[in-house]
2 protein chains.
Amino acid sequence: MMGRAMTAILSSNHQAPAEAFALPAPLVAIDPAKRRTPAEEARALVAANSLATLSTLSEDGGPWGSLVAYATIEHGTPVLLVSTLAEHGRNLPRDPRASLVIASDEAIGGDQLNSGRVTLAGRCEVPVGEELEAARAAFLEAVPMAKHYIDFGDFSLYVLRVDRVRWVGGYGRMDTADAASYAAAETDPVVKSAAYAVAHLNEDHAEHLLLIAQKLSGYTDATHARADRADRYGLDITVTTPRGKAPTRVAFAEAITAPDGLRAASVELVRRAREL
Amino acid sequence: MMGRAMTAILSSNHQAPAEAFALPAPLVAIDPAKRRTPAEEARALVAANSLATLSTLSEDGGPWGSLVAYATIEHGTPVLLVSTLAEHGRNLPRDPRASLVIASDEAIGGDQLNSGRVTLAGRCEVPVGEELEAARAAFLEAVPMAKHYIDFGDFSLYVLRVDRVRWVGGYGRMDTADAASYAAAETDPVVKSAAYAVAHLNEDHAEHLLLIAQKLSGYTDATHARADRADRYGLDITVTTPRGKAPTRVAFAEAITAPDGLRAASVELVRRAREL
C-alpha cells in the first residue's frame, strides 16, 4: 500500500511514471476544510521557532550558511544580532542579500522530511530610530543571554527586509507567498500550544478523534485516526480505513482567536460529531 | 555569578569591555584532556544527523537556503538528492557553489545557541561510475522513502566537494578545518550512542560523575557534576563549586574504538577516581 506521503509527492508534477497511486477517498462528500494560507503558514513557523540557518554571500560570491538566533518585530520582520567575528557578520556589510531557513522539528509520522519549513529571502539592513529600539527589545526578549554582548563593538543588529517567501509544509504541501501577504498575515494564536494539543488528542482522546474523523471528514469507514497538526482553523488528521490510509482535515466551527482556544474548539468538534 | 557560557563568549576576542570575568580554576593542576580535532568534530556532526540546510545561489546571485536530507560516502562527502521542481535543484546546474549547515539538536544546559553545528562549503558535482553507485546506495540507506522517487526524471544525485569547513561547538568552541583534514578524519565511533550515555550518566550516576570530577579534573571542591557531552576521547563536564560553576573535561584511558565503548570507558574512569 502506498503511504500518504508518497502519494502526495506524486501529486506534485514530478516527472514520474504514469502509474496511478490513488489514496482512498472520503465515502461521504464534504466541503474542503479551511486552511492557513501559505503566508499564514510562514508566519506561524517564524513565530514558533527561534533558530534559523542564515545564508549570506562569502567574499567570492559563494553561498555561506550559518546558524543564528532570531527575533521578530511587526509584519514578521526577522531581527538578527551578528558579530564581525563570524563570517556572516563580515558578509552582510559587503552584500546585504540573505535568506533565512526556519524549520520545525515536529515531523509528521516520524518522517523528518514531512515537516514544515520556510525560506525568507531579502536584504539585511541596520535598523535605526524606533525600529532599532523595537529590534533591540525583541532580540533581548527572544535571547535573554544577549544582554551580555549586544553592546560589544563587534555585534550589530540587522532586520531582514523579506522579498520572497517559500513555504513547504511537508510532502506535497508547498507554496510561494509574496512579501505583502507575508507582512499582512496574522500570526496564528495557537502556534505555541498546537504541539501539546496534538499529543494530548492522540494520547488521551483517540476515540474522540476517530468519531470526529468518521462523522466530520467523510471517512465513515475509518478505524483509526491520528491528529497530525492543529492550527486556528482546524485539525489535520490521518485516517486508517480498510481501503488504506489517507490524510484528511476537519475545520473548527470558528477560527480560534486566543492562544488557549484549541481545547474549546476540539470539544465543539466532538459535540458536533456526536450530534450527527 | 557569570555563567560558563558568558565567560566562554568573552574569551573569544570580542570587542568587549575590559572587565575580568574569571571562571573558577581547578584547585589541582591537571594535564589538558585530549579532545576531538575540529575536523573530527565536523565529521561527528555530519555522521550524527541526516537533515541539513543547503545554501545555493539563486538566478540573481543571491543566497537561497532550503532544507535537505543528506547521506555521506567516504571521506565524509555529502550526498544530496534534489529535484528541479525545487529552487535549489534549478540553482545547482547553473552555479554549483553550495554550503551545508548541519546542526545538532543537543543543546548544552538547555541553551539553544550552546550546541554544535558545522558549515561545509564547496561545489556540488553529479557523481559518475562507482561514486554514483556509492552515492545512490548511501542515499537510499539514509532516506529509505527515496526509493519511490530517486529515479524520477526531475531528481538528480549530487556530491558536495568540500573546500571549507567551519565548526562551532557552542559558546567559545569553534575552529576552521581544511578540506584535507576533514576528509582524513575518522568518524567518532560513539557518535550515535553519546547522547544516551550522557543522559544515563546524569540520571543514574550523579555520584560517580562527582567523584570523577573531584579526583580527575582538579576540581577537588566540586559539589555537583553534570555531564554535557561524551566522545571517544572523554567527557565534558560542568562542575559546581563554592567558587562558581566551570566547564571541565576528563579523558578516557584510551580512545574508544567501538560504538559500544562508552560504558567500559566510563567504568574505568570511576575505578581510576576511586583509586586516588
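In the block above lies the structure referred to throughout.
No experiment lies behind these values; they were computed from the predicted model shown.

A. Spotlight on the overall build of chain A. A tally of regular secondary structure across chain A gives eight helices and ten strands. Taken over 276 residues, chain A has a buried fraction of 53%. Put simply, of all contacts in chain A between residues at least 6 apart along the chain, 62% involve residues at least 24 apart. Within the structure as shown, chain A displays about 12500 Å² of accessible surface, and the carbon and sulfur contribution to it stands at 53%. With 28 positive and 35 negative side-chain charges, chain A shows a spacing of 4 Å between the two charge centroids.

B. Structural detail: the pattern of salt bridges. Residue and element names in this part refer to chain B. In the structure shown here, the tally under the stated rule is 36 salt bridges over all chains. Glu-41 serves as the salt-bridge partner of Arg-36, at 3.0 Å between the closest nitrogen and oxygen. A relative accessible area of 16% places Arg-36 in the buried class. Notably, a salt bridge pairs Asp-188 with Arg-36, separated by 2.6 Å at the nearest N-O pair. Here the residue Asp-188 occupies a position in the loop between helix H5 (179-184) and helix H6 (194-204), and Arg-36 occupies one in the loop between helix H1 (4-10) and helix H2 (38-48), the gap between them amounting to 152 residues. The same class applies to Asp-188 and to Arg-36, which are both buried.

C. Fine view of the sheet that holds strand E9 (residues 234-241) of chain A. Residue and element names in this part refer to chain A. With antiparallel pairing, the three strands of this open sheet are ordered in space as E8-E9-E10. The open sheet has two edge strands with one neighbour each: strand E8 (224-231) and strand E10 (244-251). Each strand axis lies, on average, 20 degrees off the axis of its neighbour in the sheet, ignoring direction. Note: E9 against E10, eight bridges, orientation antiparallel. Residue Thr-240 lies in a different strand from E10, and its bridge partner there is Lys-245. Each of E8 and E9 is contacted by helix H6 (residues 194-204), which is oriented at about 165 degrees to E8, the strand it contacts most.

D. Up close: the packing of helix H7 (residues 206-216) of chain B against helix H8 (residues 262-275) of chain B. Residue and element names in this part refer to chain B. Here H7 crosses H8 at 55 degrees, and the two axes come no closer than 9 Å. Compared by their axis directions, H7 and H8 come out oblique. The chirality of how H7 crosses H8 is left-handed. Packed against H7, whose contacting residues are His-208, Leu-211, Ile-212, Lys-215 and Leu-216, the element H8 presents Leu-269, Val-270, Arg-272, Ala-273 and Arg-274 at the interface.

E. Quick peek at the sheet that holds strand E10 (residues 244-251) of chain B. Residues and elements named next belong to chain B. Pairing is antiparallel across the open sheet formed by three strands, whose spatial order is E8-E9-E10. At either margin of the open sheet sits one strand with a lone partner, and together these are strand E8 (224-231) and E10. Each neighbouring strand pair of the sheet contributes to a mean axis angle of 20 degrees, computed without reference to strand direction. Where E8 lies against strand E9 (residues 234-241), seven bridges are found, and the strand directions are antiparallel. Within E9, the residue paired with Arg-226 across the bridge is Thr-238. Where H6 meets the sheet, it contacts E8 and E9, and its direction lies at approximately 165 degrees from that of E8.

F. Fine view of a nonpolar patch on the surface. A cluster of nonpolar side chains, Leu-27, Val-28 and Ile-30 of chain A, forms an exposed patch at the surface whose accessible area comes to about 240 Å². Position of Val-28 of chain A among the secondary structure elements: in the loop between helix H1 (4-10) and helix H2 (38-48).

G. Here's a closer look at the environment of Thr-84 of chain A. Along the chain, Thr-84 of chain A falls in the loop between strand E3 (77-83) and helix H3 (87-94). Separated by 70 residues in sequence, Thr-84 of chain A and Asp-154 of chain A place their C-alpha atoms 5.4 Å apart.

H. Local environment of the packing of aromatic side chains. Residues and elements named next belong to chain A. Summed over the entire model, instances satisfying the criterion amount to four aromatic pairs over all chains. Pairing Tyr-149 with Phe-155 gives two aromatic rings, centres 5.0 Å apart and planes at 40 degrees, and the pair type is tilted. The exposure classification of Tyr-149 matches that of Phe-155, with both residues buried. Pairing Phe-152 with Phe-155 gives two aromatic rings, centres 6.4 Å apart and planes at 55 degrees, and the pair type is tilted. Since its relative accessible area comes to 6%, Phe-152 is described here as buried. Of the residues examined, Phe-155 reaches a relative accessible area of 14% and is grouped as buried. An aromatic cluster is defined as three or more aromatic residues linked by ring pairs; in this entry it consists of Tyr-149, Phe-152 and Phe-155. Looking at Lys-34, its charged tip hangs above the ring of Tyr-233, at a distance of 4.6 Å from the centre.

I. Structural detail: H6 of chain A. Residues and elements named next belong to chain A. Along H6, the residues classified as buried are Ala-194, Ala-197, Val-198 and Leu-201. Angularly, the buried residues of H6 cover 100 degrees about the axis, an arc narrow enough to put them on a single face. Residues of H6 that are exposed and angled more than 90 degrees away from the buried face: Tyr-196, Glu-203 and Asp-204. Taken together, the buried residues of H6 touch helix H7 (206-216), E8, E9 and helix H8 (262-275).

Rules behind the numbers
Sequence positions are assigned chain by chain, starting from 1 and proceeding in written order. Naming scheme: in the order in which they are written, chains are lettered from A and ligands are numbered from 1. The model is predicted, so local features are restricted to residues of pLDDT at least 70 and side-chain atom pairs to those at 80 or more, both for listing and for counting; the totals for chains, interfaces and linings are taken over all residues. Side-chain descriptors were evaluated using all non-hydrogen atoms of the structure, hydrogens and water having been removed beforehand. To qualify as a helix, a DSSP run of H or I must reach at least 4 residues; to qualify as a strand, a run of E must reach at least 2; elements of each kind are numbered from the N terminus. Only protein chains enter the accessibility calculation, which uses a 1.4 Å probe; a residue is then buried when its area is under 20% of its type maximum, exposed when over 50%, and partly exposed in between. Whether two residues are in contact is decided by their heavy atoms, any of which lying within 4.5 Å being enough. All accessibility values rest on the Shrake-Rupley procedure with a 1.4 Å probe; residue burial counts only the protein chains present in the view. Residues counted as positive are Lys and Arg, residues counted as negative are Asp and Glu, and His and the chain ends are not counted. Taken as the charge centre is NZ of Lys, CZ of Arg, CG of Asp or CD of Glu, depending on the residue. Between Lys or Arg on one side and Asp or Glu on the other, a salt bridge is scored when a side-chain nitrogen of the former is within 4 Å of a carboxyl oxygen of the latter. A pair of strands is labelled paired if DSSP reports no fewer than 2 bridges between them. Between N-to-C directions, angles cover 0 to 180 degrees, with each direction set by a line fitted to C-alpha atoms, over the stretch in contact for helices. Oblique is the label for any angle not covered by the other classes, which are roughly parallel (under 35 degrees), roughly antiparallel (over 145) and roughly perpendicular (65 to 115). When the near helix sits turned anticlockwise from the far one by under a right angle, the crossing is termed left-handed; a clockwise turn instead gives a right-handed crossing. Exposure above 30% relative accessible area and the lack of any salt bridge qualify a residue for a patch; like charges then connect within 9 Å, and the nonpolar side chains Val, Leu, Ile, Met, Phe, Trp and Tyr within 5 Å. Working definition: a ring pair exists when centres of Phe, Tyr or Trp rings (six-membered ring for Trp) sit within 6.5 Å. Plane angles under 30 degrees give stacked, over 60 give edge-to-face, the rest tilted. The rule for a charge over a ring is simple: NZ of Lys or CZ of Arg within 6 Å of the ring centre, and within 35 degrees of the ring normal. Directions from the helix axis toward the C-beta atoms define the arc.

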